[in-house]
Amino acid sequence: MARMLTVIGLMSGTSLDGVDAAAIRTDGERVERCGQGVSLAYSPALRARARALLDRAVSLPADDPELLSVEREITLRHVEAVRHLGSLVSGVALVGFHGQTILHAPAERRTWQIGDAALLSRETGLPVIHDFRGADVAAGGEGAPLAPWFHAALMRDMAGPLAVLNIGGVANVTFIDADGGILACDTGPGNALLDDWAFSHTGIACDIDGRLARAGTIDHARLERMLADPYFARPAPKSLDRLTFASALRIVAGCTPEDGAATLAAFTVEAVRRTALPAPPRHWYVCGGGRHNPVIMEGLARALQAPVDPIEATGRDGDMIEAECFGFLAVRALRRLPLSAPAITGGPACLSGGRLTCSALSPIPDWLRDISDNTRRDG
């Protein structure tokens, strides 16, 4: 039986709100325990600078001074998270570092997560696994979503078919059939459009408690224009960049702040409803920041014709699922287990990935070297 490791997983999602760090004990196939977690927000200034990079990322050179400055600040925020959590959890062996996505264009075989793994390793004294998506994208896969293996491990004792819906900046679904088979894809926008809309009209970074959306009325004509995007006719697997549906903000530009928010929340819900799955899930479990928006959750409950619950109904912490996932995937990468699969990312095969980075302050112990010899290594 494979060795269980205590790992810190890190995630900074497309909502650009900060970094989540979570401790997990796993062998990359089974989850023995999910432990403590911490969330550290980005400062408003750092969030604004990171958001500005998204608009330039397509043509941004890798040595751009602003990019390097933002990357360093983001990495140091991750260092703080690891140090904070490491003071609460003993025996941490490894860090799984997703980084901050600034571009995701798998059709062009590009995906770009910024973050300095070598700096993170030096400052924490721990080996770091990073670059989880690159191998799948290079092979022609979507490189996303990557959470389905973890979702399936969490739900292994629950009867399918069921769905785990993650609503971050982009929303993605993991469908788990009654026989354990997995299909996954990005469904459409998550919180990103609504966050951008709320910030531009209220100066607040998100629609807190859905108050703006609840005060508005859905503009169904504008909603149908957004749903006419060819993405929704594509079968799974498929994935999105945070800015894929930036045109939606132009479509709702003539709305009141309240009606625009109501229409964008409905866009998130309807995109989920229209996602073609192999069978109707008997239950939906929702994680990610979107589950805190009651307008979205109520809309999902009406639209999906099945029970819809936050993933806390299974005893999990929905704010830490993605961070836990990248701890889980870090161990899979060490063991050369698949991170992706044809029915998850559309790639040509079940592919592993990830790179191991370590510094002079984080030498690899013999037991870790034994299971990491085939992992691409830096440092």
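Definitions and cut-offs
Along each chain, residues carry numbers from 1 onward, in the same order as the chain's sequence is written. Only residues with pLDDT of at least 70 are given local features in this predicted model, and only at 80 or more are side-chain atom pairs given and counted; all residues enter the totals for whole chains, interfaces and linings. The basis for every side-chain value is the complete set of heavy atoms in the structure, and neither hydrogens nor water enter the calculation. UniProt positions are given in the numbering used here, feature names are shortened, and annotations may be inferred rather than shown by experiment. Points on a 1 Å grid, built from protein atoms alone, make a cavity when a 1.4 Å probe fits but cannot get out and make a pocket when they are open with protein on both sides within 12 Å along at least 5 of 7 lines; residues with an atom within 4 Å of a point are the lining residues. Grid points are joined across faces, edges and corners, and a volume is the space filled by probe spheres set on the points. Helix and strand labels come from DSSP, where a helix needs a run of H or I of at least four residues and a strand needs a run of E of at least two; each type is numbered from the N terminus. Three classes are used: nonpolar for Ala, Val, Leu, Ile, Met, Phe, Trp, Tyr, Cys and Pro, charged for Asp, Glu, Lys and Arg, and polar for all others, with Gly counted as polar. Where each domain begins and ends is defined by an automated method or by a domain database. Throughout, a residue-residue contact means that at least one pair of heavy atoms, one from each residue, lies within 4.5 Å. By convention, the term buried area covers the 1.4 Å-probe accessible surface removed from two parts as they join, with the contributions of both added. For salt bridges, the criterion is a side-chain nitrogen of Lys or Arg within 4 Å of an Asp or Glu carboxyl oxygen. Any pair of nitrogen or oxygen atoms within 3.5 Å is treated as a polar contact; in protein, a donor-acceptor pairing is required on top of that, and neighbouring residues in sequence qualify only through side-chain atoms on both sides. Whenever a helix is involved, its axis is fitted only over the stretch in contact; in every case the axis is a line through C-alpha atoms, and angles between N-to-C directions fall within 0 to 180 degrees. By the definition adopted for this analysis, an angle is roughly parallel if under 35 degrees, roughly antiparallel if over 145, roughly perpendicular if from 65 to 115, and oblique otherwise. The hand of a helix crossing depends on one turn: near helix anticlockwise from the far one by less than a right angle means left-handed, and clockwise means right-handed. Burial here depends on accessible area, computed with a 1.4 Å probe over protein chains only, as a share of the maximum for the residue type. Under 20% is buried, over 50% is exposed, and the range in between is partly exposed.

Naming follows an unreviewed UniProt entry, where the chain appears as Anhydro-N-acetylmuramic acid kinase of Gluconacetobacter sacchari. The chain has a UniProt comment under Sequence similarities (unreviewed entry) that states "Belongs to the anhydro-N-acetylmuramic acid kinase family." Its UniProt record gives the chain a comment under Function (unreviewed entry), which states: "Catalyzes the specific phosphorylation of 1,6-anhydro-N-acetylmuramic acid (anhMurNAc) with the simultaneous cleavage of the 1,6-anhydro ring, generating MurNAc-6-P. Is required for the utilization of anhMurNAc either imported from the medium or derived from its own cell wall murein, and thus plays a role in cell wall recycling."

Caption draft 1: The layout of surface pockets, seen in detail. Here the second largest pocket is characterised by a volume of approximately 320 Å³. Along the walls of the second largest pocket sit 21 residues, with Ile-218, Ala-262, Ala-266, Gly-299 and Arg-302 positioned nearest its centre. Those elements that provide at least two residues to the lining of the second largest pocket are α7 (211–214), α8 (220–227), α10 (257–273) and α11 (294–303). In terms of residues, the lining of the second largest pocket owes the most to one element, α11, which gives six residues. Of the residues belonging to the lining of the second largest pocket, the class tally is 11 nonpolar, four polar and six charged.

Caption draft 2: Molecular detail of the domain arrangement of the chain. Assigned domains of the chain: these are domain 1 (5–145 + 323–375) and domain 2 (147–314). Computed over C-alpha atoms only, the centres of domain 1 and domain 2 are separated by 24 Å. Taken together, the contact between domain 1 and domain 2 spans 31 residues of the former and 27 residues of the latter. Carbon and sulfur atoms supply 62% of the area that domain 1 and domain 2 bury against each other, a total of about 2200 Å² over both sides. Per-residue buried area on domain 1 facing domain 2 is highest for Thr-14, Pro-145 and Ile-344; these three make up 27% of the total on that side. Applying the counting rule to domain 1 against domain 2 returns three salt bridges. Two residues, Asp-196 and Arg-51, come together in a salt bridge whose shortest N-O distance is 3.5 Å. Where domain 1 touches domain 2, the interface holds 10 residue pairs in polar contact (both at pLDDT 80 or more). Taken together, the elements giving at least two residues each to the side of domain 1 that touches domain 2 come down to α1 (44–56), β4 (92–105), α12 (321–334) and α13 (342–345). Partitioned by chemical class, the residues of the side of domain 1 that touches domain 2 number 17 nonpolar, six polar and eight charged.

Caption draft 3: How the structure looks around the packing of α1 against helix α2 (residues 65–86). Packing of α1 against α2 brings their axes to within 10 Å, and their N-to-C directions diverge by 135°. One finds that α1 runs oblique with respect to α2. Here α1 runs over α2; the crossing is left-handed. On α2, the residues touching Leu-46, Arg-49, Ala-50, Leu-53 and Arg-56 of α1 are Glu-66, Leu-67, Ser-69, Val-70, Glu-73 and Ile-74. Class assignment of the residues belonging to the contact of α1 with α2 gives a composition of six nonpolar, one polar and four charged.

Caption draft 4: Spotlight on the UniProt feature "binding site: ATP" (unreviewed entry) in the chain. Summarizing the sequence annotation, UniProt attributes the feature "binding site: ATP" (unreviewed entry) to Gly-13, Thr-14, Ser-15, Leu-16, Asp-17, Gly-18, Val-19 and Asp-20 in the numbering used throughout. Assignment of secondary structure puts Gly-13 in the loop between β1 (5–12) and β2 (18–26). Gly-13 gets classed as buried once you look at its relative accessible area, which sits at 15%. In this structure Gly-13 touches Gly-18 and Gln-100, once residues within four positions along its chain are discounted. Once you skip the residues sitting within four places of it in the chain, Thr-14 turns out to touch Gln-100, Gly-168, Gly-169, Val-170 and Arg-242.

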